[in-house]
Structures are given as structure tokens and as C-alpha cells.
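A structural walkthrough
Residue-level listing of the chains:
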Amino acid sequence: MDPIRAFLIDVKRLIVKVGTAVVTRHDGRLAVGRLGALCEQLKELNSQGYEVVLVTSGAVGLGRQRLRYRKLVNSSLADLQNPQVELDGKACAAVGQNSLMALYDTLFSQLDVTSSQHLVTDSDFRNDSFREQLSETVKSLLALKVIPVFNENDAVSTRRTPYEDSSGIFWDNDSLAGLLAMEVKADLLVLLSDVEGLYSGPPSDPNSKLIHTYIKEKHQAEITFGDKSRLGRGGMTAKVDAAVCAASSGIPVVITSGYATDNIIKLLQGKPVGTLFHKDAHLWTSVNEVDAREMAVAARECSRRLQAMSSEDRRKLLLDVADALEANESLIMAENEADVAAAKADGYEKALISRLALKPGKIAGLAKSIRVLADMEEPISRIAKRTELADGLILEKTSCPLGVLLIVFESRPDALVQIASLAIRTGNGLLLTGGKEARRSNAILHKIITSAIPDCVGDKLIGLVASREDIPDLLKLDDVIDLVIPRGSNSLVSQIKNSTKIPVLGHADGVCHVYIDKSANPDMAKKIVRDAKVDYPAACNTMETLLVHQDLSNNDLLKELLAELRREGVTLYGGPRASSLLNLPRAQSLHREYSSLACTVEFVDDVGAAIDHIHQHGSSHTDCIVTEDHEVAEMFLHRVDSAAVFHNASTRFCDGARFGLGAEVGVCTSRVHARGPVGVEGLLTTRWILRGSGQVVDGDKGVTYSHKDLPLQTQI
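Residues numbered from 1 in each chain as written. Predicted model: local features only at pLDDT ≥ 70, side-chain atom pairs only at ≥ 80, totals over all residues. Heavy atoms only, no water.

Within an unreviewed UniProt entry, the label attached to the protein reads Delta-1-pyrroline-5-carboxylate synthase, and the organism entered is Gossypium raimondii. Per its UniProt entry, the protein bears the Function (unreviewed entry) comment "P5CS plays a key role in proline biosynthesis, leading to osmoregulation in plants." (UniProt positions renumbered as here; feature names shortened; annotations may be inferred.)

Here it is as C-alpha cells:
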């Protein structure tokens, strides 16, 4: 659970207010599906022991739609030719209230829940005896597991139409909900809207961002409200006013979407849903957090100062980072062990826990890779090409950083170290957001690394985004973030690709193949297959599918190979042919990344069929052939369209450090920019530098172009 929302553990009594835009469709008719989903959530909470009070809007809008229809049916041709007179709001309320409550009663009855109706007006609450009796009645109903349903009785309200007077005790159903929460001493108030929560501006504005925790001192002057509710009279302004009032009285409030079918359930599970209002919000760390844009801008400014350093100073910075990691190894391991213990207690899968754990010697290995990176040739301002365009006009193509990188990664805290060291080496600013399961590990690693960055650069060079809640805001910043690199599950990568205009570099799946050809050396084949599957099953370069030439179906090699995998604890599944011939359980899919001690086995006719299988079911990550036939090997190497293709070598070699890149920020399977393990070169782009002596184009009349290649010179 989000520590900020830990108070939700103690919630027993809650008020749920549903707005007109949620209750009704755009044509004014009831949104029966949404109301049904809402009632199902309230029934679930009721059965779990929560005490629920519902405050509902929608009567006026529903009544107006019904009366308009009735008037149309009863109109003569002459009536239809005359302008329509606006219907009386109180009449609409009277008609709509009857229909609305009838539907609630039907829905709750179908769910075996009892509800009660309560129509109140502003003037009722001026009577102290009424307020006292109301509280007693509600408490009695809640004790009987009844869900009271409240609505302002607009049919008999003395308020002026169209609801201009807001000077009373309450003036709409939002403020009524807040008042009821205080009257019955609720533990939580939930205001359901047609948007995800409170945004910094109109939700339709792409520059608006969702505010996860409302801090009056910070947000009151910043937010800009859009249009009010399309059918009701409150809108977001009314919800915020009610939320601020209730929160200041000690009742937490959350504004969230009523369109989602399970937002209230998620909220009570502690998930970051909607916008939270709390009287202590100003005391939480989020009040001092820099927003997403400021983080990205600060990272860019620091990266420019980093680029201005000498090559030797940048090298020394990396060496300082390596030393700092080794000096704090015991502290890092303690935090990592706490993360692992928490992950086990929370029931995470073994594959994730394996990626999460920093094994003995890991910190030393990371420090070693950073030192290798430090000793590599200077990557920034390297001249790739020099051309004499014309006499005295020299053009250079040089390397330069991409700018600001956003890396979203899951589970593996060692990825933070590799990514940060690569960013420093390439002069890039960096924003990192890791999974909550590695929160302690990531926090201590970030602190140690940034503490080694000198003040002349600034520790904001590398920003650690504390919560995944901020990712949607970050993904909107295509003007200050230059590249997104997601490292994680297929769903994570796909979600990010579909949510941003920023270029995305990465891979969704690691469905790697090893193909055993009929001419394979048996001992070599067994050794490669074992390593590719068993060495580190959770890695993305692990073998997930074993393809076998059909001539080996009854061969001792295959029997020994499968027996060896079983001894190592590997669960075997079969494709359509192998499941039948080898009596294996059928694989659910031939495009399956197990990330554990499991793999698919399938037979193919020959190397051509193996290539076709890989193209159809693979992920273009890493694929391998084991064969002694040179011609077959070359066919495989040149025709398999993957980022990495191997002959007689384990797929586990597809790694930045093993490729001599020093480290990797990830593996890319796309065909734009970098491909395969992405190291230093993948985080650089080019800049053109032109040196002249007063030349002008002047319609190309005064320039004689030579376009002569010049020898490269070492950059000073």
C-alpha cells in the first residue's frame, strides 16, 4: 500500500457521492451499466463489513429528459412549430427522483442488499434536532447493513433557480456529501466524477496533469477548472470545494472516476486512484516534490554542465561512483534483503524475486563494469567524419548526448546502476522510475550514486521518480524528454508505447530460440541448451523455445538433452508436433516468455522451417543455431531477422557487458536508432559542426564545392 494512503486500513464508514455525469448518459438517459457496476461495488463493500452511505445526483437531468419526451408525445403540430419553453427544474426533480430511486431499489434488491431513501433540503439542516435524529437514523440503518441513499430534494427546495444561491449550509450534492460525512463521522468521502480526478487544468488539455495528492498551499493557485458538469450544476469546482471543506474537518476525501468498474475497491486496497485530499497533506514529502517537468528540466541543465567537464573529470566521476558502491555494499545489501523479504511476504512470483535479489558479488561486479566503462574511449564529441565543403569551409560530424532519458524498469535494482553509469559516461540527463518491489534498493543506490556527483554538475542529473503515479505526466513531456526506455513486462512496454509521443526504445518480449540442427555436436548442443535455459532463467536473453531438427526425434541426443533439462528442474511443454511425439503437455502459445525454469520444445523439418518458426513466433531478440554444417549456419545467421543471431554460442551472451559495451541500458528489438544491447553508442546522436572564414551562400554563386573527405583529427 502507498504509505501516504495507509490510513485506508482503518476505514470502516464511507460516503460515496455519484455525480450526474456518471449517473446519466450524454442524452440524459440513465447509464444503467455504470449504475449497476457501482451498486455491485457497494454490495461488495457492504458484505466486507464497510458501512456505506450513497449520495446521488441525476434526478433533475433524468426528469428533464422524461418530461421532454412526454411533452413531445402530447404535442400537436402547432405546438411543435413554437419554440420550446424551458421546463421547470423542480418539476424535473420530482419526476426524475421517482425513477432514479426505483432503479437503485431494483439494482440493490437484485444484489440482495437493502437500501433506504432520504430526501433532504438545506433548510432541514438548520434544525439541530433534525441533524441529531438524522445521524441516529443513519447509524441504525448502517448497523442493519442497509445502504442509505441521499439526494437533495430539489422539488421542494426554496433555493432560487437555476441554483444561483450558494449561501446555505449546503448548495449541491457534493457539499451535501461533505456535510453528511461530517455529521455521521465518516472515515472517508469518495466523490465520483466523469474524469480520473483533479487535473492541473481542463482534462482535455494535453498539458494538464493529474494531481495525485491535493496540497492547498501548492495547488490552489495553480489549477484551472474546465467546464462544469454537462448535466449537473456542480462540476469539478464544487467537488474540490466540498473536498477541501471535509478534509479540513479531518475526513479524507478522494475524487476519482465513476466510469471505472472497480475504482472504489481499488481505492480501499490502497492503490493510487484519483486525487486525495487530507488535512495532513502539507506535511507529507509530496509537498516538497519537484513536479515532472521541473525534474526533466533540471536533469537537462545538469547534463549540459556534465558535458562541459573534461573527459578526465567525467572518467573520475565514474570511478568515484564505483568506489562509493563498494564502500556502501553492506548498506545496499541490507536494503535489498528488506525488499526481497517484503516481496516474498506479498506473494510475488519466484522469477520476479530472482530479478530483485542482489546476489553476493553483484556490487563488486557492478563496480568493475563501471571502471571498464570509465576506461573506454571518450564517446562525446568524437569526430566520425570530416569533409571540406569548399576552400576554408570544414564540416565535422560529431557525437553528442541524446539529452534527457526516461527509464522505466521493473524488479532489477542493478539496472539502476548500469543505466546511471551509462548516462554519466554519455553526458545524458536521466529520470529513473523503478518498481515498488525494489523501492528500498533503488533509493539507497540512487542516494549513493548522486552523492558522488560534484556540485559543479548537480545531483539532479539523475532523478529518481518516487511513484509510478508520475509516469503518465512524464510521458507527456515530449518537449523536455528525448527518449523513453522501458525495461520490463510486455504489458509495461506496450502501455508506454501507446501513451507517449516521445520515441521509445526497447523490447516487449524476449522469446529467444535455440535450434539444434541434425549436424549438431551432441556435447556442444547439451552444454549450450543447458546454459541458455538454466544460467539465469529470469533474463530476457534466456532460451524460451528449443527447436529440434525432425531427424533427431528418436535420437539419443534429444533424450539426453531433455533429461538434463528435467534434472535442472525445467518444466517442458510441447508444440503441436513435440507434444504428441514426446508426450509433453501442450504449450499455451508458441510465443511465450516464461522467465522461469520452463520452455517449449518443437520439431521443425529443417533450417528453413526453423527460420520461418522464429519469424512467426519469435520476438526478434536473440536466436541461436547449433550446427557443424557451415553452409546451414550461414543461412541461419543471414536470414534470421533478429537483433542478435548466434552460431554455436549460448543466447546468454547477448548482454552489454559481455559485448564489451561496459554496460547496457536495455536491449532494443526495433530497427530505428540502436538495436540489440544498447550501450554507450546507443545513447548518443550526432551534431554537425561547420567551421568557416566568412563564406556566404549568395545563391551558390560565390562557392565552389569540393566535398572532399579529410582525415579525422583527435578532438581537443
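There is more to say, and it comes next.
1. Overview of the overall build of the protein
Helix and strand counts for the protein stand at 24 helices and 24 strands. Out of the 716 residues in the protein, the part that is buried amounts to 53%. Within the protein, counting contacts between residues at least 6 apart in sequence, those at least 24 apart form 74% of the total. Carbon and sulfur atoms form 49% of the exposed surface of the protein, whose accessible area is close to 32600 Å². (Helix = DSSP H or I, 4+ residues; strand = E, 2+ residues; numbered from the N terminus. Buried < 20%, exposed > 50% of the residue type's maximum accessible area, 1.4 Å probe, protein only. Contact = heavy atoms within 4.5 Å. Areas by Shrake-Rupley, 256 points an atom, 1.4 Å probe, with all protein chains shown as cover.)

2. Topic: helix α11 (residues 292–308)
The end-to-end C-alpha separation of α11 is 25 Å, in line with the 24 Å expected for 17 residues at 1.5 Å each. Listed as buried for α11 are A292, M295, A296, A298, A299, R300, C302, S303 and L306. If you follow the buried residues of α11, they end up packed against α12 (311–327), β11 (404–409), α16 (414–426), β12 (429–433), β13 (462–464) and α18 (471–474). (Expected span 1.5 Å × (residues − 1).)

3. Examining the confidence of the model for the protein
Averaged over all residues, the pLDDT of the protein equals 86, while 89% of them reach at least 70. Between residues 227–233, whose pLDDT stays under 50, and residues either more than four places distant or in other chains, the model counts 22 contacts. When the criterion is pLDDT under 50, residues 285–289 qualifies, and its contacts beyond four places in sequence or with other chains add up to 11 contacts. (pLDDT = per-residue confidence, 0-100.)

4. Quick notes on the pairing of strand β4 (residues 147–152)
By the criterion of burial, β4 is predominantly enclosed, with 6 of the 6 residues buried. Across 6 bridges, strand β3 (residues 115–120) lies against β4 in parallel orientation. Bridged to L119 within β4 is N151. With helix α6 (residues 128–143) bridging β3 and its parallel neighbour β4, the resulting β-α-β unit is right-handed. (Pairing = 2+ DSSP bridges. Right-handed = clockwise from strand over helix to strand, strands pointing away.)

5. A few points about unusual backbone geometry
With a phi close to 55 degrees, K185 is a non-glycine residue in the positive phi region. Relative to the assigned elements, K185 resides in the loop between α7 (173–183) and β5 (188–193). Residue K185 is classed as exposed on the basis of its relative accessible area, which comes to 61%.

6. A short note on the pattern of salt bridges
Inspection of every chain in the model, using the stated rule, returns 33 salt bridges. For R440, the salt bridge identified is with D339, shortest N-O distance 3.4 Å. Of the two residues, R440 sits in helix α17 (residues 439–451) while D339 sits in helix α13 (residues 329–345), which places them 101 residues apart along the sequence. The exposure class of R440 is partly exposed, given its relative accessible area of 30%. Of the charged contacts in the structure, one is a salt bridge between R425 and E378, with a shortest N-O distance of 3.4 Å. With R425 in helix α16 and E378 in the loop between α15 (362–374) and β9 (383–390), this pair connects stretches of sequence that are 47 residues apart. The pair R425 / E378 is uniform in exposure class, with both members buried. Within the structure, one salt-bridge network assembled from shared partners comprises R530, E564, R567 and E568. (Salt bridge = Lys/Arg side-chain N within 4 Å of Asp/Glu carboxyl O.)

7. Structural notes on the packing of α16 against α17
In the contact formed by α16 and α17, the axes pass within 9 Å of each other and the chain directions differ by 25 degrees. The angle between α16 and α17 places the two elements in the roughly parallel class. Like other packed secondary-structure pairs, α16 and α17 cross with a definite hand, here right-handed. Facing L416, V417 and A420 of α16, the residues of α17 in contact are N442, L445, H446 and I449. (Axes fitted to C-alpha atoms, helices over the stretch in contact; angles between N-to-C directions. Parallel < 35°, antiparallel > 145°, perpendicular 65-115°, else oblique. Left-handed = near helix turned anticlockwise from the far one by under 90°.)

8. Quick look at the sheet that holds strand β23 (residues 684–691)
Judged by pairing direction, the sheet is antiparallel, and its 4 strands sit side by side in the order β23-β10-β9-β24 without closing on themselves. Single-partner strands in this sheet number two, and they are β23 and β24 (705–710). Looking at each pair of strands side by side, their axes are set apart by 25 degrees on average, direction ignored. Alignment of strand β10 (residues 393–401) against β23, held across 8 bridges, turns out to be antiparallel. When the sheet's bridge partners are listed, I394 is paired in β23 with R691.

9. A word on the pairing of strand β15 (residues 512–516)
Taking burial as the measure, the 5 residues of β15 include 5 buried ones, the bulk of the element. On β15, burial covers both faces: C512, V514 and I516 on one face and H513 and Y515 on the other are all buried. Taken together, the 5 bridges between β15 and strand β16 (residues 543–549) define a ladder with parallel strand orientation. When the bridges of β16 are listed, Y515 appears paired with L547.

10. Some points on the side chain of N442
Mapped onto the secondary structure, N442 falls in helix α17. With a relative accessible area of 3%, N442 lands in the buried category. The contact partners of N442, leaving out residues within four places of it in the chain, are F409, P413, L416, G434, G435 and L464.

11. So, the side chain of T387
With respect to the helices and strands, T387 occurs in strand β9. Look at T387 and you get buried, because its relative accessible area is 9%. In this structure T387 touches L393, I394, L395, H707, K708, D709 and L710, once residues within four positions along its chain are discounted.

12. Let's talk about the packing of aromatic side chains
One pass over the structure, following the stated rule, counts 6 aromatic pairs. Aromatic side chains Y104 and F108 sit 6.3 Å apart centroid to centroid with 20 degrees between the ring planes, which places their arrangement in the stacked category. Here F108 and Y104 lie together in helix α5 (residues 89–110), a separation of 4 residues that amounts to about one turn. For the pair shown, Y104 and F108 are each scored as buried. One residue, R34, lies across the ring of Y259, its end atom 4.1 Å from the ring centre. (Phe/Tyr/Trp six-rings, centres within 6.5 Å; stacked < 30°, edge-to-face > 60°. Lys NZ or Arg CZ within 6 Å of the ring centre and 35° of its normal.)

13. A word on the sheet that holds β11
If you trace the 4 strands from one edge of the open sheet to the other, you get β13-β12-β11-β14, paired in parallel fashion. Whereas interior strands pair on both sides, the edge strands pair on one side only; in this sheet they are β13 and β14 (483–487). Neighbour-to-neighbour, the strand axes of this sheet turn through a mean angle of 15 degrees, independent of strand direction. Relative to β13, β12 is paired through 3 bridges, and the arrangement is parallel. Bridged to L431 within β13 is G463. Across the sheet, α17 is in contact with β11 and β13; its angle to β13 comes to roughly 160 degrees. Across the sheet, helix α19 (residues 490–497) lies against β11 and β14, angled at about 160 degrees from β14, the strand it touches most.

14. Here's the deal with the environment of K708
Structurally, the position occupied by K708 is in strand β24. Looking at K708, the relative accessible area reads 48%, which means it is partly exposed. Sequence-wise, K708 and I394 are 314 residues apart; in three dimensions their C-alpha atoms are separated by 9.5 Å. Among residues more than four places away in sequence, those in contact with K708 are R386, T387 and E388.

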